Amino acid sequence: MTVRYHAAGTDTAHRDTRDWWRQAVVYQVYPRSFADSDGDGIGDLPGATSRLGHLAALGVDAVWLSPFYPSELADGGYDVADYRDVDPRLGTLDDFDALVAEAHRLGLKVMVDIVPNHSSDQHAWFQEALRSAPGSAARERYVFRAGKGEHGELPPTDWVSCFGGPAWTRLPDGWWYLHLFAPQQPDFNWDNPEVRADFRTTLRFWSDRGVDGFRVDVAHGLAKDLAAPLRDIGAVEACEPRDLPEDGSHPFWDRDEVHEIFRDWRGVFDEYDPPRVAVAEAWVRNSRRTAYATPQELGQAFNFDFLEAALRAGVLRACIDTALADARAAGATATWVLSNHDVIRHASRHGLPEACDAEAWLLSDGRRPALDREDGLRRALAATLLMLALPGSGYLYQGEELGLPEVADLDRAALQDPVWTRSQGRSKGRDGCRVPLPWRRDGSSYGFGSGGSWLPQPPYWGEVSVEAQEGDPAAPLEVYRTALRLRRRLLADEALEWLSGPDEAAGGLLHFRRSGGWHCVTNLSDTPQPLPGGTLLLSSAPVTGERLPPWTTAWVRTATE
Ligand code: NOJ
């Protein structure tokens, strides 16, 4: 059975043009955990700059920096106290400029994270709002409301924070303010023109400094129905996209008005040559995602279905088809993600039994069920090579190229993620994927820095370090390097042609061809499967003979077809 997706966009000769992002591989740096230059145990910008060579050697096209702005770290930097500065613990604006210059010298684009849904409670505007009277202009930049109940002692609505607990906090003056995340992350009022103008200033500030694009945090949350009285929603989980209506009628997620904001931002992006690019973090229903990704708005939107999908051929096939069709409808390219700073690393996730409750596994410190690390890694690499063969952009998370597992057994006393405390211990949170990277086999914090690391690194960290893997063709690092080098050479256009159908998927096989005779075959079953004839370019696990072993992806090139 053959299904063709025709090329919608450009070929890679355009990598340096306005379309560079369409099939880029973007590497996410979580700065506090990447590389520490000054020995304070916290990664920083000079540290990141010093390691950009690793990214260039890996063969990615761009680096996306998670927030490095001044922050009280109530949410790992996603609580921004000043949108146009660098956290002094992480460096200075000059350090940022040096990072951009070095990245560009190495041929890497730079994307930064913009956090527009909420600021930190330490932001000058929120501090001013706290000092100002109810109803004042300063309070109008955020969402303050009187409470319910005889004395206003009850929250204004039943809205629940994504980190657990009510989405409202009461001030000593009796008023409540809205925070869809931690109490230290008050939500902006995007109906206020001052808020809109300030973010335009921020986008220009970083664009003027040479930033090539933006990752937009909680893009689906900005517009809210703030007409009085606010509506209760029946206290369902605040962050569950599957529960969202498809008509934009939810009071704070994915409202239609949010698109006006991004159309306005597009005007700013297009002031630059090449235009700045953006990708929406929008946890919305499939049917609603394309709107964020159109060329009139952000241009791309993360699709987390691939990340959440079980490693089953039929499930992945459906997910790929939907994502490609949606991206085409939007005039965008698809985005693929397997790991990021918010989820259990895929080398561990894919090693867990499918029915396993990952939160419970984390709470058992990774003991129940015991993880087969080798098996998880094998499956993860098969998924990665599948992902890197798909049309569109791949987003990698630092350390996945080392096959790092989730550090599930972090001591509870070491946990920093607000999810841990806000959920009252029901969820261990996201620290296990944020443990500072191992660069060297041994030495202080395995080469992360000279002064320890802000989250404890496990004793086996040196064995999975960059130094330990370099030059070993079977190591994940070298598999990623080879894959990215080949991908650059093989990428032609955005077409994909399925050569396997539902019957093969039922047997665990996915097989498609890209232009120029590049085949990707993935075997997600326990039995060997046929390999197409041609030259074997790369495989996620050793291939001997003519069959593709279980839980393996191979790239094969046939003579020009
Ligand atoms: C999404 C970010 O990826 C996550 O780390 C953060 O906690 C929330 N947005 C709130 O900003």
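Structure's up top.
Here the structure is a predicted model, which means the values were calculated and not measured.

A few words on the sheet that holds strand S11 (residues 335–337). Consider a sheet: its strands pair through backbone hydrogen bonds, and that pairing is either parallel or antiparallel. Within the open sheet, the eight strands sit side by side as S10-S9-S8-S4-S3-S2-S12-S11. Their pairing is parallel. The outermost strands of the open sheet, each flanked by one partner alone, are strand S10 (299–301) and S11. Averaged over all neighbouring strand pairs, the angle between strand axes comes to 25°, with direction disregarded. Across the face of the sheet, helix H6 (residues 258–269) comes into contact with strand S4 (109–114), strand S8 (213–216), strand S9 (277–280) and S10 while running at roughly 160° to S8.

Let us look at the site of the ligand. Among the 13 residues in the neighbourhood of the ligand, the closest are listed as Asp75, His118, Asp217, His341 and Asp342. With respect to the ligand, the side chain of arginine 215 contributes an N or O atom lying 3.0 Å from an oxygen atom. In the model, an oxygen atom of the ligand is placed 3.0 Å from a nitrogen or oxygen of the arginine 430 side chain. Within the complex, 97% of the 290 Å² of free accessible area of the ligand lies under protein.

The general pattern is negative phi for most residues beyond glycine and trans for most peptide bonds. Along the chain, alanine 228 connects to proline 229 via a cis peptide bond; the corresponding omega equals -10°. Among the structural elements, proline 229 can be located in the loop between S8 and H6. Geometrically, the link from arginine 368 to proline 369 is a cis peptide bond, its omega value of -5° lying close to zero. Assignment of secondary structure puts proline 369 in the loop between helix H11 (358–363) and helix H12 (373–389). Positive phi outside glycine occurs at leucine 73, with the angle close to 60°. Structurally, leucine 73 is set in the loop between strand S3 (62–65) and helix H3 (93–105). The phi dihedral of tyrosine 446 is positive, around 50°, even though this residue is not glycine. Within the secondary structure, tyrosine 446 sits in the loop between helix H13 (418–422) and helix H14 (466–469).

When two helices pack together, their arrangement is given by the angle between the helix axes and by the axis-to-axis distance. At their nearest, the axes of helix H7 (residues 286–293) and helix H9 (residues 313–330) sit 8 Å apart, and the two run at 40° to each other. One way to sum up the angle between H7 and H9 is to call them oblique. In terms of crossing hand, the pair formed by H7 and H9 is right-handed. Residues Asn286, Arg289, Thr290 and Ala293 of H7 pack against Thr322, Asp326, Ala329 and Ala330 of H9. Residues that form the contact of H7 with H9 fall into these classes: three nonpolar, three polar and two charged.

Conventions we followed
Residues numbered from 1 in each chain as written. Predicted model: local features only at pLDDT ≥ 70, side-chain atom pairs only at ≥ 80, totals over all residues. Heavy atoms only, no water. Pairing = 2+ DSSP bridges. Helix = DSSP H or I, 4+ residues; strand = E, 2+ residues; numbered from the N terminus. Axes fitted to C-alpha atoms, helices over the stretch in contact; angles between N-to-C directions. Contact = heavy atoms within 4.5 Å. Near = heavy atom within 4 Å. Polar contact = N/O pair within 3.5 Å; in protein donor to acceptor, adjacent residues only side chain to side chain. Areas by Shrake-Rupley, 256 points an atom, 1.4 Å probe, with all protein chains shown as cover. Parallel < 35°, antiparallel > 145°, perpendicular 65-115°, else oblique. Left-handed = near helix turned anticlockwise from the far one by under 90°. Nonpolar A, V, L, I, M, F, W, Y, C, P; charged D, E, K, R; others polar.

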